[in-house]
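# Fold and geometry: a report
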Amino acid sequence: MIKKAESYHIPVLLNESIEGLNIHTGGIYVDVTFGGGGHSGEILSRLPVGCHLYSFDQDLDAEQNLNHLTEKSKELNDKFTFVRSNFRYLKNWMRYYGVEKIDGLLADLGVSSHHFDDETRGFSFRFEEAPLDMRMNKNAHKTASNILNEYEEDDLANLFYLYGELKQSRRIASAIVKARTNQTIKTTTDFLKIVEPLFIRAREKKDMAKLFQALRIEVNHEMEALKEMLASATELLSPGGRLSVITYHSLEDRIVKNFMKAGNAEGKVTQDFFGRIETPFKLVNNKVIVATEEELEKNPRSRSAKLRIAEKKDEERKQ
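Nothing here was measured: the structure is a model prediction, and the numbers come from that model.

## Here we look at the overall build of the protein chain
Counting its secondary structure elements, the protein chain contains 14 helices and nine strands. Within the span of the protein chain, comprising 319 residues, buried residues form 55% of the whole. Taking contacts inside the protein chain between residues at least 6 apart in sequence as the whole, the part at least 24 apart equals 71%. Total accessible area computed for the protein chain in this model is approximately 16,200 Å², and 48% of it derives from carbon and sulfur atoms.

Spelled out as structure tokens, the structure:
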């Protein structure tokens, strides 16, 4: 029997990420990854008078955590707005709520342990006969199964190479296309039977995780959404406003690093007449912040987490 996950993960780098927001009186803050409400709840507990928090999540499971959050402190309700949407639409929603500038944005990227532990969602290869879904937004049309059964061989190979960084991407794509002519690939078991023989035993779990990661990123357009959100955040942040982002794999971390360094996803640096780098941000932490040994013992998910914090420069003092 396929089971649903009931609980969410412990928030990663909780104090460090929220302290990085530099919360102050009258500020407008955004948590673009509400999830279990851990980061949002802590932000709300620290908000002074006149502040407001907007929290985003496109997943219905996350929305069900709202009652638990607001029941703890009903007086916080007037400080809090939940937005059921993909964070790529950050700018549109802020315009809808009449918000021209924000003072801080927090993003805890990646997938929560809640989703990995939910057999009905198909995010993990640990469960047999789980449906190959992987949609963060259950109302979206394209599932992982659609991709495996409908994409051309070259397209499959490209996404496994780009998003999974798998050197054997073409062999994997070829095996999938060959297998689907005989049977539709619907479950994790169907998929594993095709790809397991292609992996070296010593690296099987790591490579399988990369393969599932690639599918998940494609299903949810994660890289495109991240780029759009960061571009909106760059525009929306007030001078002195903070961007506090937790990443878990090299693809998303590279994009975040590039935005903080150069103001764009590619990391393309421009210089002024004097050779000074023109960038909208200055780094708050030159070295990424990682979990302490104490946190690692309590929360294994934090092992791959990296926190980057940047501050928006004054438009008149970009250099």
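Picking up where we left off.
## Considerations on the nonpolar core
Counting 62 residues, the largest nonpolar core has L105, F160 and F191 as the members making the most contacts within it. Three or more residues apiece are contributed to this core by two domains, here domain 1 (14–113 + 225–312) and domain 2 (118–220). When residues no more than four places from it in sequence are discounted, the contact partners of F160 are L148, E165, L166, S169, I172, I176, L211, A214 and L215. Listed in part, the 14 residues of the second largest apolar core include L21, Y29, F34 and F80.

## Considerations on the sheet that holds strand 4 (residues 102–108)
Sheet architecture is open: seven strands sit in the order 3-2-1-4-5-9-8, paired in mixed fashion. Sheet topology places strand 3 (80–83) and strand 8 (281–283) at the edges, where each strand pairs with a single neighbour. The average undirected angle you get between the axes of adjacent strands in this sheet is 20 degrees. By the bridge criterion, six bridges tie strand 5 (residues 237–247) to strand 9 (residues 306–312) in an arrangement that is antiparallel. The residue bridging I246 from the neighbouring strand is L307, located in strand 9.

## A closer look at the pattern of salt bridges
In total, this model carries 13 salt bridges according to the counting rule given. Here D253 makes a salt bridge to R308, at a shortest N to O gap of 2.9 Å. Of this pair, D253 sits in helix 13 (residues 250–262) while R308 sits in strand 9; the two residues are 55 residues apart in sequence, bridging distant segments of the chain. Residues joined by salt bridges that share partners form a network here, namely R242, K282 and E311.

## Brief notes about the environment of N149
Looking at the element boundaries, N149 is found in helix 7 (residues 144–150). The class of N149 is partly exposed, set by a relative accessible area of 22%. Each C-alpha atom of the pair N149 and T181 lies 9.0 Å from the other, and the pair is 32 residues apart in sequence. The residues touching N149, leaving out its near neighbours within four places in the chain, are R180, T184 and I185. A polar contact is formed between the side chain of N149 and the backbone oxygen of I185, at a distance of 2.8 Å.

## Quick word on the side chain of D108
With respect to the helices, strands and loops of the structure, D108 is situated in strand 4. Given a relative accessible area of 8%, D108 falls into the buried group. At 2.6 Å, the side chain of D108 and the side chain of Y248 are in polar contact.

## Brief notes about the pairing of strand 9
In terms of burial, strand 9 is largely enclosed, as six of its seven residues are buried. Where strand 8 and strand 9 come together, three bridges link them in antiparallel fashion. The residue of strand 9 that forms the bridge with K282 is E311.

## Some details on the UniProt feature "binding site: S-adenosyl-L-methionine" (unreviewed entry) in the protein chain
As annotated in UniProt, the feature "binding site: S-adenosyl-L-methionine" (unreviewed entry) corresponds to G37, G38, H39, D57, F87, D108 and H115 in the numbering used here. Residue classification places G37 among the buried positions, given a relative accessible area of 7%. Take F87: it is sitting in the loop between strand 3 and helix 5 (90–96). Residues within four places of F87 in sequence aside, it is in contact with V32, T33, F56, L109, A225, L226 and M229.

## Regarding the environment of G110
Tracing the chain through its elements places G110 in the loop between strand 4 and helix 6 (113–116). Remark: the alpha-carbon pair of G110 and Y248, spanning 138 residues in sequence, is separated by 6.2 Å. Not counting residues within four places of it along the chain, the set of residues in contact with G110 comprises Y248, E252 and R301.

## Description of helix 2 (residues 38–46)
Residues of helix 2 that are buried include every one of H39, S40, I43 and L44, and no others. The arc that holds the buried residues of helix 2, viewed along the axis, is 135 degrees, so those residues lie on one side.

## Side note on the packing of aromatic side chains
Within the structure shown, the criterion is met by seven aromatic pairs. Ring geometry for Y54 and Y97: centres 5.3 Å apart, planes at 45 degrees, overall tilted. One end of the pair, Y54, is in strand 2 (residues 52–56); the other, Y97, is in the loop between helix 5 and strand 4, and 43 residues separate them in sequence. On the basis of relative accessibility, which here comes to 32%, the residue Y97 falls in the partly exposed class. Members of the aromatic cluster, each reached through a chain of ring pairs, are Y54, W93, Y96 and Y97.

About the cut-offs
Residues numbered from 1 in each chain as written. Predicted model: local features only at pLDDT ≥ 70, side-chain atom pairs only at ≥ 80, totals over all residues. Heavy atoms only, no water. Helix = DSSP H or I, 4+ residues; strand = E, 2+ residues; numbered from the N terminus. Buried < 20%, exposed > 50% of the residue type's maximum accessible area, 1.4 Å probe, protein only. Contact = heavy atoms within 4.5 Å. Areas by Shrake-Rupley, 256 points an atom, 1.4 Å probe, with all protein chains shown as cover. Core = buried A, V, L, I, M, F, W, Y, C linked by side-chain atoms within 4.5 Å. Domains from an automatic or database assignment. Pairing = 2+ DSSP bridges. Axes fitted to C-alpha atoms, helices over the stretch in contact; angles between N-to-C directions. Salt bridge = Lys/Arg side-chain N within 4 Å of Asp/Glu carboxyl O. Polar contact = N/O pair within 3.5 Å; in protein donor to acceptor, adjacent residues only side chain to side chain. UniProt positions renumbered as here; feature names shortened; annotations may be inferred. Arc of directions from axis to C-beta. Phe/Tyr/Trp six-rings, centres within 6.5 Å; stacked < 30°, edge-to-face > 60°.

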